[in-house]
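Chain and residue survey
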Amino acid sequence: QVQLEESGGGLVQAGGSLRLSCAFSGGTFSIYRVGWFRQTPGKEREFVAAINVSVHHTYYTDSVKGRFTISRDNAKNIVYLQMNSLKPEDTAVYYCAATFHTDYNYWGQGTQVTVSS
């Protein structure tokens with residue numbers, strides 16, 4: 001089964017940067033779409049960004065366009081989320097997820113990102 005493991009979260013000051021990593025194993029990396037989601041208490045899970053691994057097509061929610069970049073390293077089976085110009089409203093638990101078709105049915109455990117003002 002596909003397994004995902006996030007890392008790279010932490011506490012940063014507003015305007016700072018973090019790079020999250022999602023390590024993919026247990027499947028054929030190239031055939032998946034891998035996405036990043038985030039969630040805060042009392043709010044529904046929010047889509048952040050996604051990448052079609054094989055062709056490097058990327059997708060972003062409007063609130064992070066121009067600040068976040070999703071990328072992948074096929075040799076290492078890792079998807080990255082480079083987060084620049086972080087804002088307090090970016091504070092959330094960030095999850096990596098994967099889908100073969102449309103439903104994200106593989107999820108990591110999450111990594112906490114906290115942006116202080």
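First, a word on what this report is: a plain description of the structure on this page. (Residues numbered from 1 in each chain as written. Predicted model: local features only at pLDDT ≥ 70, side-chain atom pairs only at ≥ 80, totals over all residues. Heavy atoms only, no water.)

**With respect to the sheet that holds strand E1 (residues 3–7)**
As a general point, the strands of a sheet are linked pairwise by backbone hydrogen bonds and lie either parallel or antiparallel. Read from one edge to the other, the open sheet built from four strands follows the order E1-E3-E8-E7, with strand pairing classed as antiparallel. The outermost strands of the open sheet, each flanked by one partner alone, are E1 and strand E7 (68–73). Taking each pair of neighbouring strands and ignoring which way they run, the sheet shows an average axis angle of 15°. Note: E1 against strand E3 (residues 18–25), five bridges, orientation antiparallel. Looking at E3, one finds that Leu-4 is bridged to Phe-24. (Pairing = 2+ DSSP bridges. Helix = DSSP H or I, 4+ residues; strand = E, 2+ residues; numbered from the N terminus. Axes fitted to C-alpha atoms, helices over the stretch in contact; angles between N-to-C directions.)

**Considering the nonpolar core**
By size, the foremost hydrophobic cluster in this structure holds 29 residues, and its most contacted members are Val-34, Trp-36, Leu-81, Met-83 and Tyr-94. Secondary structure elements with two or more residues in this core: E3, strand E4 (33–39), strand E5 (46–52), E7, strand E8 (78–83), strand E9 (92–99) and strand E11 (111–116). When near neighbours in sequence (up to four residues on either side) are disregarded, Tyr-94 contacts Glu-6, Leu-20, Trp-36, Phe-37, Arg-38, Val-48, Phe-68, Leu-81, Met-83, Gly-110, Thr-111 and Val-113. (Core = buried A, V, L, I, M, F, W, Y, C linked by side-chain atoms within 4.5 Å. Buried < 20%, exposed > 50% of the residue type's maximum accessible area, 1.4 Å probe, protein only. Contact = heavy atoms within 4.5 Å.)

**Points about the environment of Ala-92**
Within the secondary structure, Ala-92 is located in strand E9. Using a relative accessible area of 3% as the deciding quantity, one classes Ala-92 as buried. Linking Ala-92 and Thr-114, residues 22 residues apart in sequence, is a C-alpha distance of 6.6 Å. Dropping the residues within four chain positions of it, Ala-92 is found in contact with Arg-38, Gln-39, Thr-40, Thr-111, Gln-112 and Val-113.

**Details of the pattern of salt bridges**
Taken as a whole and assessed by the stated rule, the structure comprises four salt bridges. In this structure, Arg-38 and Glu-46 form a salt bridge, with 2.9 Å as the shortest nitrogen-oxygen distance. Residue Lys-65 pairs with Asp-62 through a salt bridge whose shortest N-O separation is 3.0 Å. Shared partners join several salt bridges into a network, and the residues in it are Arg-38, Glu-46, Arg-67 and Asp-90. (Salt bridge = Lys/Arg side-chain N within 4 Å of Asp/Glu carboxyl O.)

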